[in-house]
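What follows is the residue order along each chain.
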Amino acid sequence: MKDLIRLLGLYRRHLGWILLSMLVSLVATLANAGLMAASGWFITAMAAAGLAGVTMNYFTPAAIIRGLAILRTGGRYVDRIVGHEATLRLLADIRTHLFARMVPLAPAALDDLRSGDLLARLKADIDRLELTFLRFLSPLTVALLTLVAVGFVLFLYDGPLSAGVLAVLLGCGLLAPALAAAATADPGRTLTARSADLRRLVVDDLSGLMPLIATGAFVGHRDRLVTAMFELVQAERWLARRAALGQALGRLSGDLALIVALFVGVPLVAAGRMVGPELTMAALLSLSAAEAFMGLPAAFLGLFPTLASARRLFAILDRKPPVIDQATKPLPEGRDLRLDGVTLRYLGNLRPALDDISLEIPFGTHVALVGESGAGKSSVVALLARLRDPDAGKIRLGGLPLTELALADARRVVGVVPQKPHLFTLTLEENLRLGRPSATADELAAAIEMAGLTEFVSRLPQGLATPVGVAGTTLSGGEARRVAIARVLLLDPDILILDEPGEGLDPETEAAVLDRVLNRMSGRTVILVTHAHAALHRMDRVVELDSGRIVANRLP
Ligand SMILES: Nc1ncnc2c1ncn2[C@@H]1O[C@H](COP(=O)(O)OP(=O)(O)OP(=O)(O)O)[C@@H](O)[C@H]1O
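Procedures and definitions
- Residues numbered from 1 in each chain as written.
- Predicted model: local features only at pLDDT ≥ 70, side-chain atom pairs only at ≥ 80, totals over all residues.
- Helix = DSSP H or I, 4+ residues; strand = E, 2+ residues; numbered from the N terminus.
- Rg over C-alpha atoms; globule rule 2.2 N^0.38 Å.
- Buried ≥ 20, exposed ≤ 12 C-beta atoms within 10 Å, placed from the backbone.
- Contact = placed C-beta atoms within 7 Å.
- UniProt positions renumbered as here; feature names shortened; annotations may be inferred.
- Near = placed C-beta within 6 Å.
- Nonpolar A, V, L, I, M, F, W, Y, C, P; charged D, E, K, R; others polar.
- Pairing = 2+ DSSP bridges.
- Axes fitted to C-alpha atoms, helices over the stretch in contact; angles between N-to-C directions.
- Parallel < 35°, antiparallel > 145°, perpendicular 65-115°, else oblique.
- Left-handed = near helix turned anticlockwise from the far one by under 90°.
- Core = buried A, V, L, I, M, F, W, Y, C linked by C-beta atoms within 7 Å.
- pLDDT = per-residue confidence, 0-100.

**Examining the overall build of the protein**
Moving on, step 1. The secondary structure content of the protein amounts to 17 helices and 10 strands.
Moving on, step 2. In terms of overall dimensions, the protein is more spread out than a globule: its C-alpha atoms have a radius of gyration of 35 Å, far above the 24 Å expected for 556 residues.
Moving on, step 3. In terms of overall dimensions, the protein has a C-alpha envelope of 115 × 50 × 50 Å along the principal axes.
Moving on, step 4. Per-residue burial over the protein gives 40% buried out of 556 residues.
Moving on, step 5. Contacts spanning at least 24 positions in sequence make up 82% of the contacts within the protein whose residues lie at least 6 apart.

Structure follows, in structure tokens:
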């Protein structure tokens, strides 16, 4: 219930569309019931008049029937349009909202989720929310209002007649499907969980197909997929059976309502409290009112998978961003970096990744960060790039804590080439220009030259217009890394951080690229995370980390 209320809260911004959609749907439903009732009344009245040999005014009823028929057809058409407009607006809004909330979470607060899972949340889970409004909220409201309207009309003739028909419609059309659906909470949850699993497994397995085939683990993964699919089908079959039962009950409610109306109405006619055409009208009104309940069984059944999807979205919305962007100070003049007693602890790790480290990096210094794998070098990079904030201690830029500066300001000053740079499925030039779309052709050529890519680009028939493939797959690891270096150089940062820039490069290319980059950054700060001892002689200081602590801060 809590989740449903929270979900409905997300709809608030589109209340106008929602109310309009429900109103149109109600008008179409009532027009249909009215059409049936008026037609029944008219045909019976005409027959009775014919038998009695009297004439009656048939123009007015015929006009009313025609009017109701037009209203019903037009209403259903507009109902579809407005209903879908309302739903699509809602979904687009929720999707944008979720995406906007994901951005500050990435990457640190999302690294436990695989991309397939995130995609499933953004796409399938949000799509399923359509069911809450289009197939649950609106039909339920319309059904209840139809019930009130039909109950009121019948009550004008007779209280027990109204009560009998209402009891059948409520019991068979609403309560029975609701109870049948209540038993489906577990398969409903399974449906959502397994379809998410399936998407995640497929995306994950397809992106890791090579190692799966190479290691022979493919068979195990395929079996996992088959099991997830089997469970999904089981849950769907279960739900489909319940849906069929609910549909049958829905249809039965109309027939039963008709029988009850006749059962209570015939004695009323015999007692002279009702005339024949009115009985036909009451009976057909009861029968057609059941149409408002036809969609409810499916709506109730869809509720549990939808709520499970909603919970998966709330789980993302409720995550705390790893860094809070709340600028309280403008960017300072100075560019000195200073770490004071900085500690960083990853969730689930017993040992802190960085343990009370203090370090000064005056502006213009070129510092190498060295240490064994797992020593904490990339963790320092993550803190300086503000992908995370320390659990204790402070990092200052120009004397001001990084946490008090706008993220955009700090990131303009600090440029990072991460250990695993990401290239987008764009052209080489588009990838390079990401950081600075306005870069001139000369600036682009200079960055390419510094990253040692000039010869590589000149060999490409399409040059800079060459597409790099999905996430840069058509480039070698070393080429992709150099594209990332050129991209950051275009940003022209005051502080440049290079995390293992030499990986994938032969020693000569690495030395040449590093030489050019360091020359370009002369007078500005460079922090170089490296295992390569050859590069150290070009640095001002070498800081050595071991198990999250600084064990040496020396000249090269
Ligand atoms: N996202 C994470 N979640 C949990 N633990 C992490 C995470 N990232 C790093 N760690 C752990 O923190 C410690 C420091 O890792 P870090 O990546 O900073 O080391 P590193 O010195 O850069 O290693 P390498 O040279 O292999 O890149 C390691 O024990 C690592 O397992």
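Right, picking up where we left off after that structure.
**Some words on the UniProt feature "transmembrane region" (unreviewed entry) in the protein**
Moving on, step 1. Following the UniProt record, one finds the feature "transmembrane region" (unreviewed entry) at residues 15-35, 41-59, 136-157, 163-185, 256-275 and 281-304.
Moving on, step 2. The span residues 41-59 carries 68% helix and 0% strand; its end-to-end C-alpha distance comes to 14 Å.
Moving on, step 3. Span residues 136-157 is 100% helix and 0% strand, its end C-alpha atoms 32 Å apart.

**Digging into the site of the ligand**
Moving on, step 1. With respect to spatial proximity, 13 residues lie near the ligand, and among them Tyr346, Ala353, Ser373, Ser378 and Ser379 are the closest.
Moving on, step 2. Top element by residues in the shell around the ligand is helix α11 (residues 377-384). It accounts for 3 residues.
Moving on, step 3. In the shell around the ligand, the residues fall into 3 nonpolar, 8 polar and 2 charged.

**Points about the sheet that holds strand β1 (residues 337-344)**
Moving on, step 1. Within the open sheet, the 4 strands sit side by side as β2-β1-β4-β5. Their pairing is antiparallel. Every other strand in the sheet has two partners, leaving β2 (354-361) and β5 (400-401) as the edge strands with one partner each.
Moving on, step 2. In the sheet, β1 pairs with strand β4 (residues 392-397) via 5 bridges, with the strands oriented antiparallel. Residue pairing across strands places threonine 343 opposite alanine 392, the latter belonging to β4.
Moving on, step 3. The sheet contacts of α11 involve β1, β2 and β4, and relative to β1 the element is tilted by about 115 degrees.

**Digging into the environment of tyrosine 346**
Moving on, step 1. Mapped onto the fold, tyrosine 346 is located in the loop between β1 and β2.
Moving on, step 2. It is 31 Å that separates the C-alpha atoms of tyrosine 346 and glycine 334, two residues lying 12 residues apart in sequence.

**A short note on the UniProt feature "domain: ABC transporter" (unreviewed entry) in the protein**
Moving on, step 1. Taking the numbering used here, the UniProt-annotated feature "domain: ABC transporter" (unreviewed entry) corresponds to residues 337-555.
Moving on, step 2. In the segment residues 337-555, helix accounts for 30% and strand for 26%; the C-alpha atoms at its two ends are 18 Å apart.

**Structural notes on the packing of helix α6 (residues 185-207) against helix α8 (residues 218-270)**
Moving on, step 1. One can describe the packing of α6 onto α8 by two numbers: an axis separation of 9 Å at closest approach and a directional angle of 150 degrees. Considering the angle they form, α6 stands roughly antiparallel to α8. For α6 against α8, the interelement crossing comes out left-handed. Note on element contacts: α8 touches α6 through His221, Arg224, Leu225, Ala228, Met229, Glu231, Leu232, Ala235, Glu236, Trp238 and Leu239, opposite Pro187, Gly188, Thr190, Leu191, Arg194, Ser195, Asp197, Leu198, Leu201, Val202 and Asp205.

**With respect to the sheet that holds strand β6 (residues 414-417)**
Consider a sheet: its strands pair through backbone hydrogen bonds, and that pairing is either parallel or antiparallel.
Moving on, step 1. The sheet built from 6 strands is open, its strands ordered β6-β7-β8-β3-β9-β10 with mixed pairing. Both edges of this open sheet fall to β6 and β10 (549-554), since each of them pairs with a single strand only. Ignoring which end each strand starts from, the neighbouring axes of this sheet average 20 degrees apart.
Moving on, step 2. Taken together, the 4 bridges between strand β3 (residues 366-371) and strand β8 (residues 525-529) define a ladder with parallel strand orientation. Bridged to valine 367 within β8 is isoleucine 527.

**Focus: the packing of helix α1 (residues 2-10) against helix α10 (residues 296-317)**
Moving on, step 1. Across the interface, α1 lies against α10 with an axial gap of 10 Å and an inter-helix angle of 70 degrees. Between α1 and α10, the crossing angle belongs to the class labelled roughly perpendicular. Seen along the crossing, α1 lies across α10 with a hand that is left-handed. Every residue of α10 that contacts α1 at Asp3, Leu4, Arg6 and Leu7 is listed here: Leu307, Ala310, Arg311 and Phe314.

**A look at the nonpolar core**
Moving on, step 1. Formed by 71 residues in total, the largest nonpolar core has its most connected members in Val165, Leu169, Ala257, Ala261 and Leu285.
Moving on, step 2. Among the secondary structure elements, those contributing two or more residues to this core are α2 (15-52), α3 (59-102), α4 (115-157), α5 (159-182), α8, α9 (276-289) and α10.
Moving on, step 3. If one sorts the elements of this core by residue count, α2 sits on top with 14 residues.
Moving on, step 4. What leucine 285 contacts, discounting residues up to four positions off in sequence, is Ala33, Met36, Ala37, Val150 and Val153.
Moving on, step 5. Residues Leu339, Leu369, Leu405 and Ala480 belong to the second largest nonpolar core, which totals 63 residues.

**Examining the pairing of β4**
Moving on, step 1. Here β4 runs beside β5; their pairing, made up of 2 bridges, is antiparallel. By the bridge assignment, leucine 397 is partnered in β5 with leucine 400.
Moving on, step 2. Linkage of β4 to β5, two consecutive antiparallel strands, is achieved through a turn of 2 residues, within which glycine 398 is found at a positive phi near 55 degrees.

**Side note on unusual backbone geometry**
Moving on, step 1. For aspartate 356, which is not glycine, the phi dihedral falls at a positive 55 degrees.
Moving on, step 2. Its location among the elements puts aspartate 356 in strand β2.
Moving on, step 3. Taking the C-beta count within 10 Å as the criterion, aspartate 356 has 14 such neighbours and is therefore assigned partly exposed.
Moving on, step 4. Notably, aspartate 492 is not glycine yet its phi reads approximately 55 degrees, a positive angle.
Moving on, step 5. As for its placement among the helices and strands, aspartate 492 is situated in the loop between α16 (477-491) and β7 (495-499).

**A few points about the confidence of the model for the protein**
Moving on, step 1. Of the residues in the protein, 99% have a pLDDT of 70 or more, and the chain-wide mean is 87.
Moving on, step 2. The least confident element of the protein is α6, whose mean pLDDT is 77; the most confident is β1, at 96.
Moving on, step 3. With a pTM of 0.71, the predicted complex shows an ipTM of 0.97.

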